[in-house]
Amino acid sequence: MTQPPAPRIAGLRALQAFGLSLSALSLGGFALLSGAGPSAAAAVTPGQAPSFTLLIAGRDIVYCYYRQPCKDQDQRTGLAQPPNTDTVMVVKVQGTTVHALNIPRDTNVGPFDRSRSVALQKINSQYFAGGPEALVKAAETITGEHIDSYVIVRTDYVERVIDALGGLDVTVPEPGIEWIDNAAGVNLNLAPGAHHLDGKNGVLYLRVRKGFGDDYGRIDHQKQALTQLAGKLRTPQGLAALPTILGGIGNGVQTDVNPATIAALRPYLGQMKLSFATLPTDDIPGTFNLAVNRDRLAQVWGDVPATPPNPDLKVTVVDASGENLGPALTRALTALGYRNVQVTPAPRSGEASQVFTQLDVSDAAQLADTLNLARLQGERFPVGPGEVGILLGADAAASLAGLKGLGAPTPGPTSP
């Protein structure tokens, strides 16, 4: 691959560090770090961590004939399949905090209008209808947030990045995943359990809904997978992957990000913390379209204050660390005041350690801050009301190394 010009190579370590925080939210964020594209405004004050909001979307490959991608992936006529954007995220960087909001693909843009096409009112159709500018405007309408810039990523670019980072480790739920679409050349068959996926199958896994219930389930497992891929940037292989990651502009990625914003972030990179949320919605009767629920949105999006430990909170620890760290974490959480902690052993997993919940966001924020882990809020995570889950992946042996020092509980004196 042709190396980028010298100005784009300078500061690769800083760019990589930024990728650990922001690019986790979508592989499109990786490409923006090259500094290509026209400038977009963002709030940058000398001596302060910058604040800005970014739209990241994944778009399909366009086909001109049966199983034949168009040579010009930007053409808009003569298509057998238009390029929808079924993955859309709004990413808000506020100083050292980074929040990502997934917008379900069927979310209606503005009030539903029964006199208009149902499909054309969905957010996933806006990119094809009016380009990235129309998609940005739609996301602003839905979320009420001003968006400074955008990154639009093709699935073939995501495939290249997954391969460059060494693949994707996933745990497939019962009864497994089978997705066969001969027209699109798709043949994905995964039995329940752990799998290590290459780029091609990793992209299919990120796109598939079967096995995860619906679009909300797909969004939830996308969050977990993207968190893992971001963690891989910490490794030597992640650094070696940067030429592939940064080479995406014009070859799978559209962006207008201002590179000056990245430079302003450098002093604060090590302090950044991640959180994911899903746009809460309500059904629109008689359609498959969804309306944003603004009351619930305020509860899950943006800054959620950490609260004191809730002694009645149910904490479920899924120990897939391979180091039997669950019992030690239970003792640590009990000492902090959590009275209802249970551990479920699981096979060792390369998935990223994380804190996840459905609606108990403030309680999850407290645990995420305590453990210095990413916080994921979703609609289909395997936890119920009043419950927060903690997944300990193989990375916990390093990121939570202090748990090893807790050791086994000391036996008390025996009765004579």
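Per chain, the residues get numbers from 1 upward, laid out in the order the sequence is written. For this predicted model, a pLDDT threshold of at least 70 governs which residues receive local features, and a threshold of 80 or more governs which side-chain atom pairs are given and counted, while totals over whole chains, interfaces and linings are taken from all residues. As a convention, hydrogens and water are excluded, and side-chain values are obtained from all of the structure's heavy atoms.

**Thoughts on the overall build of the protein chain**
Segments assigned H or I by DSSP are reported as helices when at least four residues long, segments assigned E as strands when at least two residues long, and all are numbered from the N terminus. Scanning the protein chain from terminus to terminus reveals 14 helices and 19 strands. In what follows, a contact means two residues having at least one pair of non-hydrogen atoms within 4.5 Å. Across the protein chain, every contact between residues at least 6 apart in sequence was considered, and the portion connecting residues at least 24 apart equals 74%. Each accessible area is a Shrake-Rupley estimate made with a 1.4 Å probe; only the visible protein chains count as cover when residues are assessed. As displayed, the protein chain offers around 18200 Å² of accessible surface, 53% of which is attributable to carbon and sulfur atoms.

**Points about the packing of aromatic side chains**
Aromatic pairs are defined between Phe, Tyr and Trp rings, using the six-membered ring for Trp, whenever the two ring centres lie within 6.5 Å; interplanar angles under 30 degrees are classed as stacked, those over 60 as edge-to-face, and all others as tilted. In total, this model carries one aromatic pair according to the counting rule given. Judged by centre distance (5.4 Å) and plane angle (45°), the ring pair of Phe356 and Phe381 falls under tilted. Pair noted here: Phe356 is in strand E17 (residues 354–357) and Phe381 is in the loop between strand E18 (374–377) and strand E19 (387–392), with a separation of 25 residues, a long-range link. Relative accessible area serves as the criterion here: at 5%, Phe356 is assigned to the buried category. We call a residue buried when its accessible area falls under 20% of the maximum for its residue type, exposed when it is over 50%, and partly exposed in between, using a 1.4 Å probe and counting protein chains only.

**Description of the packing of helix H6 (residues 199–207) against helix H7 (residues 215–232)**
In the contact formed by H6 and H7, the axes pass within 8 Å of each other and the chain directions differ by 140°. In this view, H6 runs oblique relative to H7, as classed from their interaxial angle. Across the interface between the two elements, Tyr205, Leu206 and Arg207 of H6 pack against Arg218, His221, Gln222 and Ala225 of H7. For this classification, Asp, Glu, Lys and Arg are treated as charged, while Ala, Val, Leu, Ile, Met, Phe, Trp, Tyr, Cys and Pro are nonpolar and the rest, including Gly, are polar. By residue class, the composition of the contact of H6 with H7 is three nonpolar, two polar and two charged. Structural elements are reduced to axes, namely lines fitted to C-alpha atoms, with helices fitted over the stretch in contact, and the angle between N-to-C directions of any two is expressed from 0 to 180 degrees. Each angle gets one of four labels, with under 35 degrees taken as roughly parallel, over 145 as roughly antiparallel, 65 to 115 as roughly perpendicular, and the rest as oblique.

**Side note on the side chain of Asp363**
Tracing the chain through its elements places Asp363 in helix H13 (residues 361–371). The charge count includes Lys and Arg as positive and Asp and Glu as negative, but it does not include His or the ends of the chains. Take a side-chain nitrogen of Lys or Arg and a carboxyl oxygen of Asp or Glu: if they are within 4 Å of each other, that pair is a salt bridge. The side chain of Asp363 is buried and forms no salt bridge, while Arg375, the nearest opposite charge, is found at 11 Å. Once residues within four sequence positions are removed from consideration, Asp363 is found in contact with Thr307, Asn310, Leu313 and Val388.

**Re the sheet that holds E18**
A pair of strands is treated as paired once DSSP finds two or more bridges between them. Strand order across the open sheet formed by 11 strands is E11-E6-E1-E4-E5-E12-E18-E17-E19-E15-E16, with mixed pairing between neighbours. With one partner strand each, in any of the chains shown, strand E11 (253–255) and strand E16 (340–345) form the two edges of the open sheet. Averaged over all pairs of adjacent strands, the angle between strand axes in this sheet comes to 20°, irrespective of strand direction. Relative to strand E5 (residues 97–102), strand E4 (residues 87–94) runs antiparallel, the two being bridged by six bridges. Following the sheet pairing, Val91 is matched in E5 by Ala100. Lying on the sheet, helix H5 (residues 155–164) is in contact with strand E1 (51–59), strand E6 (149–154) and E11; it crosses E6 at an angle near 80°.

**Considerations on the pairing of E1**
The element E1 is extensively covered by neighbouring structure, given that seven of its nine residues are classed as buried. When E1 meets E4, the two strands line up antiparallel, connected through eight bridges. Bridge pairing links Phe52 to Val93 in E4. Of the pairings in the sheet, the one linking E1 to E6 comprises six bridges and is parallel in character. Paired with Arg59 across the two strands is Arg154, which belongs to E6.

**Focus: the pattern of salt bridges**
Counting across every chain of the model gives 10 salt bridges. Close ionic contact of Lys92 with Glu145 constitutes a salt bridge, the shortest N to O distance being 3.0 Å. On the criterion of sequence distance, the pair formed by Lys92 in strand E4 and Glu145 in the loop between helix H4 (126–143) and E6 is long-range, its members being 53 residues apart. Salt bridges linked by common partners bring Asp86, Arg105, Asp106 and Lys122 together as one network.

**Observations regarding the side chain of Ser349**
By the secondary structure assignment, Ser349 is in the loop between E16 and E17. Look at Ser349 and you get buried, because its relative accessible area is 9%. Here a polar contact is recorded for every N or O atom pair within 3.5 Å, except that within protein the pair must consist of a potential hydrogen donor and a potential acceptor, and residues adjacent in sequence are included only if both atoms are side-chain atoms. A distance of 3.0 Å separates a polar side-chain atom of Ser349 from the backbone nitrogen of Glu351. When near neighbours in sequence (up to four residues on either side) are disregarded, Ser349 contacts Thr171, Ala320, Gly393 and Ala394.

**Examining the nonpolar core**
The term nonpolar core refers to a set of buried residues drawn from Ala, Val, Leu, Ile, Met, Phe, Trp, Tyr and Cys, joined through side-chain atoms within 4.5 Å. Membership of the largest hydrophobic core comes to 44 residues, with the highest contact counts inside it found for Val91, Val151, Ile162, Leu168, Ile177, Leu190 and Tyr205. For this core, the element with the highest residue contribution is H5, accounting for five residues. An automatic or database domain assignment is the source of the domain bounds shown. Counting contributing residues per domain, this core is built from domain 1 (51–300) and domain 2 (314–400), each supplying no fewer than three. Membership of the second largest hydrophobic core comes to 24 residues, among which are Leu135, Ala139, Ile142 and Val300.

**Digging into unusual backbone geometry**
Within the chain, Asn324 stands out as a residue other than glycine whose phi angle is a positive 55°. Summarising the element assignment, Asn324 is placed in the loop between strand E15 (314–319) and helix H12 (326–335). A positive phi angle, near 55°, is found at Asn372, a position not held by glycine. Looking at where Asn372 falls in the secondary structure, it is placed in the loop between H13 and E18.

Everything listed here is a matter of geometry and, on its own, says nothing about what the molecule does.
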